[in-house]
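Topology and contacts: notes
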Amino acid sequence: MRKKSVFLFLLIALPVIIFLFLKSFGRNEFTIPVYYEQGLGDSLSTPCLDKAKEQYVVNNPLVQNGEINIIHFERLDGPVLKTRLEELERVQDVFFNDEEINLSTYLNGSSIALSDITDYDRRIQFQDQFWKINELDSTAWANLKYCSVAMTNLDNRVVLVDKQNRIRGYYNIIEREETDRLILELRILKTEEDNVGAVGE
C-alpha cells in the first residue's frame, strides 16, 4: 500500500515540480533573423542598392531610426488592398498603444492617390498616432521600396525594420497566417529590444 502511495504521489507531484522548475529557472527564447548580415551580395539585381559586404541597414529619412518600423507599399486599389488593410488593422489592434512601433503605408501616387482610399475609413479605424498613410511620387516610392528596403518589382510584402534599421522580416500579409507571424515576431523583437535596453542601463 505504501509503494502505491509513493508512486501515486510521484505521478501527481513530479510534473508539477518540473513545471515549477522550468518556470523559475528555464529560459524560453525565440529569435527572428537579421537579414543581410554579410551585405546584400548579388541576390538582388536592383542597381541602386548598397552592395557593401557588411550588415545592410535601411538608409532613408522616411524610416525613423530608433523605432520599430512596419512598412507597407501599395500601387493599386482593389480587393487585394482591402485585404491587406484589414490584416494590418489586426496588427494595429495589438500594438497601437506602443510608442516605439510605427506602421506606415506608402501609396504610389502615380497609380493610387490618398483620396482613393478614404472610403476605407468607414470600415477600418486608422489610429493616426500609430498608422501613417502617405502618398509618394513614383520616384520617392520606388527609391524607398527598391533602393532602401531591398524589394523587387514583383514583391508586395510588408517589411519589418528594427531600431537599428536592420531588416528583420518580410510578410505576405494577404495571408492570415503571415499576419499572425508578423504579430508574433513583433512581440519577439520587442522582447529582444527590451533586453538590449536593460543590458545597456
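See the structure shown above.
Everything in this summary refers to the structure shown in the same document. (Residues numbered from 1 in each chain as written. Predicted model: local features only at pLDDT ≥ 70, side-chain atom pairs only at ≥ 80, totals over all residues. Heavy atoms only, no water.)

Some points on the overall build of the protein
The line we're drawing: Each helix corresponds to a stretch of at least 4 residues labelled H or I by DSSP, and each strand to a stretch of at least 2 residues labelled E; elements are numbered beginning at the N terminus. Any two residues whose heavy atoms approach within 4.5 Å at even a single point are treated as in contact. Here, Shrake-Rupley sampling with a 1.4 Å probe gives the accessible areas, and only protein chains in the shown set may cover a residue.
Scanning the protein from N- to C-terminus turns up 4 helices and 5 strands. When the helices and strands of the protein are listed from N to C terminus, the series reads α-β-α-β-β-α-β-β-α. By sequence separation, contacts in the protein at least 24 residues apart represent 69% of the contacts at least 6 residues apart. On the protein, roughly 12200 Å² of surface is accessible, and the fraction owed to carbon and sulfur atoms is 55%.

Quick notes on the environment of L81
Selection criterion: Whether a residue is buried, partly exposed or exposed follows from its accessible area with a 1.4 Å probe, protein chains only, as a fraction of its type maximum: under 20%, in between, or over 50%, in that order.
Looking at where L81 falls in the secondary structure, it is placed in helix α2 (residues 79-95). We classify L81 as buried; its relative accessible area is 1%. Counting along the chain gives 36 residues from L81 to I117, while the straight-line C-alpha distance between them is 9.3 Å. Once residues within four sequence positions are removed from consideration, L81 is found in contact with H72, E74, L76, I112, I117 and Y120.

Remarks on the pattern of salt bridges
To keep things clear, this is the line we draw: The rule for a salt bridge is simple: a side-chain nitrogen of Lys or Arg has to be within 4 Å of a carboxyl oxygen of Asp or Glu.
Evaluation of the coordinates by the stated rule reveals 13 salt bridges. Of the charged contacts in the structure, one is a salt bridge between R84 and E74, with a shortest N-O distance of 2.7 Å. With R84 in helix α2 and E74 in strand β1 (residues 68-74), this pair connects stretches of sequence that are 10 residues apart. With respect to class, R84 is no different from E74; both count as buried. Here R90 and E87 are joined by a salt bridge, their closest N and O atoms 2.9 Å apart.

Observations regarding α2
Selection rule: Each helix should span, by expectation, one fewer than its residue count multiplied by 1.5 Å.
The end-to-end C-alpha distance of α2, which contains 17 residues, comes to 25 Å, matching closely the 24 Å that a straight helix rising 1.5 Å per residue would cover. Of all the positions in α2, only L81, R84, L85, E87, L88, E89, R90, V91, Q92 and F95 are classed as buried.

Let's talk about helix α3 (residues 138-148)
Note the cut-off: In protein, a polar contact requires one atom able to donate a hydrogen and another able to accept it; more generally it is a pair of N or O atoms within 3.5 Å, and residues adjacent in sequence count only if both atoms are side-chain atoms.
If you check which residues of α3 are buried, you get W141, L144, K145, Y146, C147 and S148. Buried positions along α3 lie against β1, β2 (101-108) and β3 (131-136). Where α3 begins, the capping side chain belongs to D137, and its oxygen is found 3.0 Å from the backbone nitrogen of T139. Positive phi appears at A150, one or two residues downstream of α3, with a value of about 55 degrees.

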